[in-house]
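Examination of the molecular architecture
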Amino acid sequence: MKDEGRTERAARRGRWAMISAVALLTLAGAILRIARLDHPMRYDESFTVLQYAFSPDPADWVNYSAPNNHVLHTLMVRAAAEVGGITPPAIRLPAFLVGVAMIPAAAFLAHRLTCRPAAAVTAAAMVCGSSLLVEYSANARGYSLLCLLTLLLALAAIEICRRPRALRGWVAFCVLSALGAFTIPIMVYPAGIIAIAVAAQALIAGGQRRRTILKRLPLALAATAVVTAVLYLPVFVVSGVGSVVANRFVTPQPRSEILAGLPGVATRTLADWTRDTSWPWRVLVAAGVAAAAVCGVRKRNFLLLIPPLAAVVLPVAAAAHGVVPFPRVWLFVLPVSLVMAACGLAWMASLPRGGRVRLSAAGVAVLAVLVLTADAGVRSLRREYMISEDHRTLVDAERIIRDLRAESLADGRTAILSQLPSQPSLAYYALLHGVRFCPADHPGCVRAVVVVGHT
């Protein structure tokens, strides 16, 4: 009895230590992301805000004139702006909150997969210090929301595989997938990959579990499609079905262009994922992902194989669809890969015999990840600008508008800016600082300002 009580107390202390560590890492991740909320407004952010979120016409909020409108995220931005105004931190608040929430979500997913506190802390640390995830947590777009929903979808998949007869896992799968698709239609990729992993898990499970999962999975996917269609009804009414399923970004391209473009996209994606990291960090993550795959095969857990499964499915899907994706389309794989790396490292630390040796190995692994993550976080803070893809961003847009405003106030005239269509960030900061603009040939235009320079 004394031994059981001692074990229970040790387990309780371990849980509290894990929760405390994850909470501290979440706080550290929030600080890293807060430091970027005043970053110059990017092209896509400004375009989305001006064309959709800030429009006085509610129909524009669901207007799908371009895939820039991540509808659910646009509605969240609109709500945040109603409360906090139109400053960059207020506009980026939804992306920031879900970006911070990714840290405990990653920890919870790692713990659910392994039941090891070391895996939870390691996953939280990796997501906390990821330079690219920090960037998208301070970018008023829907990609960070998609990442969080993917982590939650993996948690729903665990519930489905363990309790296939319980409805909550299936309901969560449908709701999360539909909300992700309502944010960006590319949610079909994480939902499809996780569905494949669940189906594979069912096939090796056998018996009643296999029959239940394989019977309900198609129904869940069909229900997801129906819920998504219902959510998109306002979009279809305003913009038509073709704006979503047949816009120029999803029009098939020649097969030769796809095959030629995919290697470059894969290379840029990996470069973005490992940005601001040291080579030991990259080695640890690669070893962790590989170890998780080995562990998944040995323990017959296909959810640990999501990163290699994505590495196969995504290029095949791109080739079949006939579209070379932007690297950010695959961003949802990054937090999942970091979680699986944490699981793999925890599994490797459990291989040595002897409780003390295992505990020491786990401690060394966690400490190494914490040190390397801190190094990555410091490197990301030293980065002047966080712009991974949107190279059209005019980083001096606010300074230009401030100068125009100061000049107009000094000489008593109103500066009327000739807006360049390729620079919506100028229009955004003009709106923020109360500078009016119009076409250069407008009868009331007293001057035309042409901005020349590199981004």
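Just so you know, these numbers come straight off a predicted model, no measurement behind them.

**What about the overall build of the protein chain?**
Tallying secondary structure elements over the protein chain gives 21 helices and zero strands in all. When the 455 residues of the protein chain are sorted by exposure, 51% land in the buried category. Per element, the accessible surface of the protein chain, about 21000 Å² overall, is 66% carbon and sulfur.

**Thoughts on the side chain of Ser177**
Note on placement: Ser177 falls in helix 10 (residues 167-183). At a separation of 2.8 Å, a polar atom in the side chain of Ser177 contacts the main-chain carbonyl oxygen of Phe173. Those residues in contact with Ser177 that lie beyond four places of it in its chain are Leu153, Met187, Ala191 and Thr224.

**Remarks on helix 10**
With 17 residues, helix 10 should cover 24 Å at 1.5 Å per step; its first-to-last C-alpha distance of 24 Å lies within 8% of that length. Where helix 10 is buried, its residues touch helix 4 (71-84), helix 9 (143-162), helix 11 (188-205) and helix 12 (207-231).

**Observations regarding the nonpolar core**
Counting 104 residues, the largest nonpolar core has Leu109, Leu113, Leu151, Ile194, Leu331, Leu338 and Val339 as its most contacted members. Beyond its immediate chain neighbours, meaning those up to four positions away, Leu109 contacts Leu151, Ala154, Leu155, Ile158 and Val339.

**A few points about helix 21 (residues 424-433)**
Burial analysis of helix 21 places eight of its ten residues in the buried class, the great majority of the element. All of the buried residues in helix 21 are Pro424, Ser425, Leu426, Ala427, Tyr428, Tyr429, Ala430 and His433. Immediately downstream of helix 21, the backbone of Gly434 shows phi near 75°, a positive value.

**Examining the packing of aromatic side chains**
In the structure shown here, the tally under the stated rule is five aromatic pairs. Ring centres of Tyr428 and Tyr429 lie 5.0 Å apart, and the angle between their planes is 70°; on these two criteria the pair is classed as edge-to-face. By relative accessible area, which is 0% here, Tyr428 ends up buried. Site record: aromatic cluster; members linked through ring pairs are Phe182, Tyr232 and Phe236.

**Let's talk about a nonpolar patch on the surface**
A cluster of nonpolar side chains, Leu167, Val171, Val175 and Leu179, forms an exposed patch at the surface whose accessible area comes to about 330 Å². With respect to the element layout, Val171 can be found in helix 10.

**A word on the environment of Ala79**
Mapped onto the fold, Ala79 is located in helix 4. Once the C-alpha coordinates of Ala79 and Ala53 are considered, the two residues, 26 residues apart in sequence, prove to be 9.0 Å apart.

**Regarding a positive patch on the surface**
Together, Arg116, Arg298, Lys299 and Arg358 make up a region of like positive charge exposed at the surface. When you line up the elements, Arg298 lands in helix 16 (residues 279-298).

**Here's the deal with the environment of Pro185**
Position of Pro185 relative to the elements: it lies in the loop between helix 10 and helix 11. Not counting chain neighbours up to four residues away, the residues in contact with Pro185 comprise Tyr64, Tyr232 and Val244.

**Side note on the packing of helix 16 against helix 18 (residues 333-349)**
Taken N-terminus to C-terminus, the directions of helix 16 and helix 18 make an angle of 75°; their axes are 6 Å apart at the nearest point. As judged from the angle between their axes, helix 16 and helix 18 are roughly perpendicular. Of the residues in helix 18, those touching helix 16 at Trp281, Leu284, Val285, Ala287, Gly288, Val289, Ala291, Ala292, Val294, Cys295 and Arg298 are Ser337, Leu338, Met340, Ala341, Gly344, Leu345, Trp347 and Met348. Tallied by class, residues from the contact of helix 16 with helix 18 come to 15 nonpolar, three polar and one charged.

**A short note on the pattern of salt bridges**
Enumeration over the complete set of coordinates arrives at 13 salt bridges. The shortest N-O distance in the salt bridge between Arg78 and Glu82 comes to 3.1 Å. In this pair, Arg78 and Glu82 both sit in helix 4, four residues apart, roughly one turn of the helix. Arg275 serves as the salt-bridge partner of Glu135, at 2.8 Å between the closest nitrogen and oxygen. With Glu135 in helix 8 (residues 131-136) and Arg275 in the loop between helix 15 (255-273) and helix 16, this residue pair connects regions lying 140 residues apart in the sequence. Accessibility expressed as a relative area gives 10% for Arg275, which makes it buried. Shared partners join several salt bridges into a network, and the residues in it are Arg112, Glu159, Arg163 and Arg168.

**Section: unusual backbone geometry**
Its identity is not glycine, yet Cys115 carries a phi of approximately 60°, on the positive side. Tracing the sequence through the fold places Cys115 in the loop between helix 6 (93-114) and helix 7 (117-129). Its identity as a non-glycine residue notwithstanding, Asp276 has a phi of 65°, on the positive side. For Asp276, the position within the fold is in the loop between helix 15 and helix 16.

**Comments concerning the confidence of the model for the protein chain**
Residue-level pLDDT values for the protein chain average 88, and 89% of them are 70 or greater. Predicted confidence in the protein chain is weakest over helix 20 (residues 397-411), with a mean pLDDT of 75, and strongest over helix 6, with 97.

Reading the values: the criteria
Residues numbered from 1 in each chain as written. Predicted model: local features only at pLDDT ≥ 70, side-chain atom pairs only at ≥ 80, totals over all residues. Heavy atoms only, no water. Helix = DSSP H or I, 4+ residues; strand = E, 2+ residues; numbered from the N terminus. Buried < 20%, exposed > 50% of the residue type's maximum accessible area, 1.4 Å probe, protein only. Areas by Shrake-Rupley, 256 points an atom, 1.4 Å probe, with all protein chains shown as cover. Polar contact = N/O pair within 3.5 Å; in protein donor to acceptor, adjacent residues only side chain to side chain. Contact = heavy atoms within 4.5 Å. Expected span 1.5 Å × (residues − 1). Core = buried A, V, L, I, M, F, W, Y, C linked by side-chain atoms within 4.5 Å. Phe/Tyr/Trp six-rings, centres within 6.5 Å; stacked < 30°, edge-to-face > 60°. Patch = residues over 30% accessible without salt bridge, like charges linked within 9 Å, V, L, I, M, F, W, Y side chains within 5 Å. Salt bridge = Lys/Arg side-chain N within 4 Å of Asp/Glu carboxyl O. Lys, Arg positive; Asp, Glu negative; His and termini not counted. Charge placed at Lys NZ, Arg CZ, Asp CG, Glu CD. Axes fitted to C-alpha atoms, helices over the stretch in contact; angles between N-to-C directions. Parallel < 35°, antiparallel > 145°, perpendicular 65-115°, else oblique. Nonpolar A, V, L, I, M, F, W, Y, C, P; charged D, E, K, R; others polar. pLDDT = per-residue confidence, 0-100.

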